[in-house]
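Coordinate inspection notes
Here is what each chain is made of, one letter per residue.
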Amino acid sequence: MFYVMGGLMLMCQAWLSWRLQRALAGLAPASVGDHVCDGVIALGGALVFASGLALAMLSGWAVAAFLSGWTIQALYLLWSSRWSREAFLTCQQGRRQSVHAFAGYTAATGLVLWLPTAGVLG
C-alpha cells in the first residue's frame, strides 16, 4: 500500500509542477529539461503506483512493474547526477532523499523478484 500512495504523490507532484509552469509561463518559461524531468517523475509515479497495486493483488505483473519502476528511477538518478550537475549540487537534501527512496525500492524489487520462486505471486 505504501507504493500505491507514493506513486500517487509523485503523479500529484508532476501535475502541480505542470500547473505552476503554465501559470508562470509569461514570467519565466520552463526549459525543455524541466518538462522532461516532470514527465519522468510522472512516469515513475505511475510505475510505482502500478507496482504497488500489482503487489497488493499478488499479481505476477508485480515483477514487471517493479523492474520497470526500478529502471526509470535508476536512469533518472543517473541523468540527474551526471547531466544536471548544477541542480544536483544545489538540492543535496532532496537528492539524498531520492537516493534513500531508490534504495528502499531496490530492496522491495529484490523481494518481489524472489516472491515467484516462493510461490507467492501468481
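Residues numbered from 1 in each chain as written. Predicted model: local features only at pLDDT ≥ 70, side-chain atom pairs only at ≥ 80, totals over all residues. Heavy atoms only, no water.

**Brief notes about the overall build of the protein chain**
- A count of helical and extended segments in the protein chain gives five helices and zero strands.
- Tracing the protein chain from N to C terminus, the helices and strands come up as α-α-α-α-α.
- Long-range pairs, those at least 24 residues apart, make up 70% of the contacts in the protein chain between residues at least 6 apart in sequence.
- Of the roughly 7,800 Å² of accessible surface on the protein chain, 71% is carried by carbon and sulfur atoms. (Helix = DSSP H or I, 4+ residues; strand = E, 2+ residues; numbered from the N terminus. Contact = heavy atoms within 4.5 Å. Areas by Shrake-Rupley, 256 points an atom, 1.4 Å probe, with all protein chains shown as cover.)

**What to know about the packing of aromatic side chains**
- By the definition in use, this model includes two aromatic pairs.
- Summarising the aromatic geometry, the rings of F66 and Y105 are spaced 5.1 Å apart at their centres and angled 20 degrees between planes, so their arrangement reads as stacked. Here the residue F66 occupies a position in helix α3 (residues 61–82), and Y105 occupies one in helix α5 (residues 92–114), the gap between them amounting to 39 residues.
- On the basis of relative accessibility, which here comes to 1%, the residue F66 falls in the buried class.
- We classify Y105 as buried; its relative accessible area is 2%. (Phe/Tyr/Trp six-rings, centres within 6.5 Å; stacked < 30°, edge-to-face > 60°. Buried < 20%, exposed > 50% of the residue type's maximum accessible area, 1.4 Å probe, protein only.)

**Concerning the packing of helix α2 (residues 32–56) against α3**
- Two elements in contact, α2 and α3, have axes whose closest approach is 8 Å; the angle formed by their N-to-C orientations is 155 degrees. What the angle tells us is that α2 and α3 run roughly antiparallel. With respect to the hand of their crossing, α2 and α3 are arranged in left-handed fashion. Residues C37, V40, I41, L43, G44, L47, V48, A50, S51, G52, A54 and L55 of α2 pack against W61, A62, A65, F66, S68, G69, I72, Q73 and Y76 of α3. (Axes fitted to C-alpha atoms, helices over the stretch in contact; angles between N-to-C directions. Parallel < 35°, antiparallel > 145°, perpendicular 65-115°, else oblique. Left-handed = near helix turned anticlockwise from the far one by under 90°.)

**Regarding a nonpolar patch on the surface**
- A contiguous nonpolar surface patch, about 330 Å² in accessible area, is contributed by L20, L24 and L27.
- Tracing the backbone through its elements, the reader meets L27 in the loop between α1 (2–23) and α2. (Patch = residues over 30% accessible without salt bridge, like charges linked within 9 Å, V, L, I, M, F, W, Y side chains within 5 Å. Salt bridge = Lys/Arg side-chain N within 4 Å of Asp/Glu carboxyl O.)

**A look at the nonpolar core**
- Core analysis: the largest hydrophobic core is formed by nine residues, namely V48, A54, A62, F66, Y105, A108, V112, L115 and L121.
- When contributions to this core are tallied by element, the ones reaching two or more residues are α2, α3 and α5.
- A per-element tally of this core places α5 first, with three residues.
- Beyond its immediate stretch of four places on either side in the chain, V112 contacts L55, A62, V63, F66 and L121.
- Within the second largest apolar cluster, eight residues are counted, among which are A14, A42, A74 and F102. (Core = buried A, V, L, I, M, F, W, Y, C linked by side-chain atoms within 4.5 Å.)

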